[in-house]
Amino acid sequence: MVLLESDPFLNELHKMYDRNKSGTVWVTMKRTNMKPRKSKKPNPKAEYVCLIRANDGKRHISTTVSATQYAKFSQSMVIIMKGAMADTLKKKEKKKDKQ
Amino acid sequence: MYIEDFEAFYQQSVELYKARPLETRYSIKFRHSEGKLVLKVTDDRTCLKYKTDQQADLRKLERITSIFFPLMACGELPAEGAAGVEAGQQQQQQQAGGTQAAGASSKKARRRG
């Protein structure tokens, strides 16, 4: 698992969608403090961030986004996803019979 | 469990996240070869899924992704998160308006010059 900065992550995500024209891409998001689960004393002051992972079955990439950065990142990520998916998804069928 | 209705999926998944914010994950699976998009929200007890192959549903993807980002990055309630997003957009619009006005005034200045 490669932990990237947010901009390189978006680049890699874009490439990943490009590479997998016949495959599958998973993107997963969760809230975490990035600490190992086994630590016995939970630290209430630990900073929580949003961890985003992407995976195409071969390569895994990930990044974290904090409360101050998410707005810009979220917009860019949605644009990349829409760009990658728009051509493959079906267009709405127009109704032929106008009544 | 697949949910047909997006509104129901949206509301249930936000509730699921609010109940267990640290255990819930949101995942977007896109299968290029079949042109199939599956959204999944799970806390390992309940699993909610929404499936589509329609281009128009990308708006729904955008909507639910943009609510989960503030939820997961700030850990705040959606009302505050959504308000934050809206406020941010308004600021951006104002900034854009300001730059346009500035551009217009500079054009006028040029004409005068």
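The structure under discussion appears in the preceding block.
Note that the structure is predicted; figures quoted are calculated from it, not measured. (Residues numbered from 1 in each chain as written. Chains lettered and ligands numbered in written order. Predicted model: local features only at pLDDT ≥ 70, side-chain atom pairs only at ≥ 80, totals over all residues. Heavy atoms only, no water.)

J.: I'd like to hear about the overall build of chain A, residue by residue, with values.
T.: The helix and strand tally for chain A stands at 2 helices and 4 strands. Along chain A, from the amino end to the carboxyl end, the secondary structure elements read β-α-β-β-β-α. Across the 99 residues of chain A, 38% fall into the buried class. About 7100 Å² of surface is accessible on chain A, with carbon and sulfur atoms providing 50% of the total. (Helix = DSSP H or I, 4+ residues; strand = E, 2+ residues; numbered from the N terminus. Buried < 20%, exposed > 50% of the residue type's maximum accessible area, 1.4 Å probe, protein only. Areas by Shrake-Rupley, 256 points an atom, 1.4 Å probe, with all protein chains shown as cover.)

J.: Before we move on, could you go through the side chain of Asn20(A) and cite the residues and values that matter?
T.: With respect to the helices and strands, Asn20(A) occurs in the loop between α1 (6-19) and β2 (24-32). Given the relative accessible area of 5%, Asn20(A) is considered buried. Excluding residues that lie within four positions of it along the chain, Asn20(A) makes contacts with Val25(A), Asp56(A), Lys58(A) and His32(B). (Contact = heavy atoms within 4.5 Å.)

J.: Kindly report on the state of the cysteines, identifying the contributing residues and their values.
T.: Enumeration according to the criterion identifies 0 disulfides over all chains in this entry. Between Cys50(A), a free cysteine, and Cys74(B), which holds the nearest cysteine sulfur, the sulfur-to-sulfur gap is 9.5 Å. When its relative accessible area of 0% is taken as the criterion, Cys50(A) is described as buried. (Disulfide = S-S within 2.5 Å.)

J.: Let's hear about the packing of aromatic side chains: which residues, and what values?
T.: Residue and element names in this part refer to chain B. With the rule as written, the count across this model stands at 9 aromatic pairs over all chains. Relative to tyrosine 10, the ring of phenylalanine 6 has its centre 6.1 Å away and its plane inclined at 45 degrees; by these criteria the two rings are tilted. One end of the pair is phenylalanine 6 and the other is tyrosine 10, both in helix α1 (residues 6-19) and 4 residues apart, which spans about a single turn. For the pair phenylalanine 6 and tyrosine 10, one class covers both residues: buried. Grouped by ring-pair contacts, the aromatic residues Phe6, Phe9, Tyr10 and Tyr50 constitute a single cluster. Lying over the aromatic face of tyrosine 2, lysine 51 brings its terminal NZ or CZ to 4.7 Å of the ring centre. The residue whose ring lies beneath arginine 63 is tyrosine 10, and the NZ or CZ to ring-centre distance is 4.1 Å. (Phe/Tyr/Trp six-rings, centres within 6.5 Å; stacked < 30°, edge-to-face > 60°. Lys NZ or Arg CZ within 6 Å of the ring centre and 35° of its normal.)

J.: Go over the environment of Tyr17(B) with me, naming the residues and quoting the values.
T.: Relative to the helices and strands, Tyr17(B) is located in helix α1. Since its relative accessible area comes to 2%, Tyr17(B) is described here as buried. Sequence separation between Tyr17(B) and Val41(B) is 24 residues, and the spatial gap between their C-alpha atoms is 8.2 Å. Here Tyr17(B) is in contact with Arg31(A), Thr24(B), Phe68(B), Leu71(B), Met72(B) and Gly75(B), once residues within four sequence places are set aside.

J.: Describe the pattern of salt bridges, with residues and values.
T.: For the coordinates displayed, the defined rule picks out 13 salt bridges over all chains. For the salt bridge of Lys15(A) with Glu12(A), the shortest nitrogen-to-oxygen distance reads 3.6 Å. Of this pair, Lys15(A) and Glu12(A) both sit in helix α1, 3 residues apart, which is roughly one turn of the helix. By relative accessible area, which is 45% here, Lys15(A) ends up partly exposed. Between Arg31(B) and Glu34(B) there is a salt bridge, and its shortest N-O distance comes to 2.7 Å. We classify Arg31(B) as partly exposed; its relative accessible area is 28%. Sharing partners across several salt bridges, the network here consists of Glu12(A), Lys15(A) and Arg59(A). (Salt bridge = Lys/Arg side-chain N within 4 Å of Asp/Glu carboxyl O.)

Geometry only, nothing functional implied.
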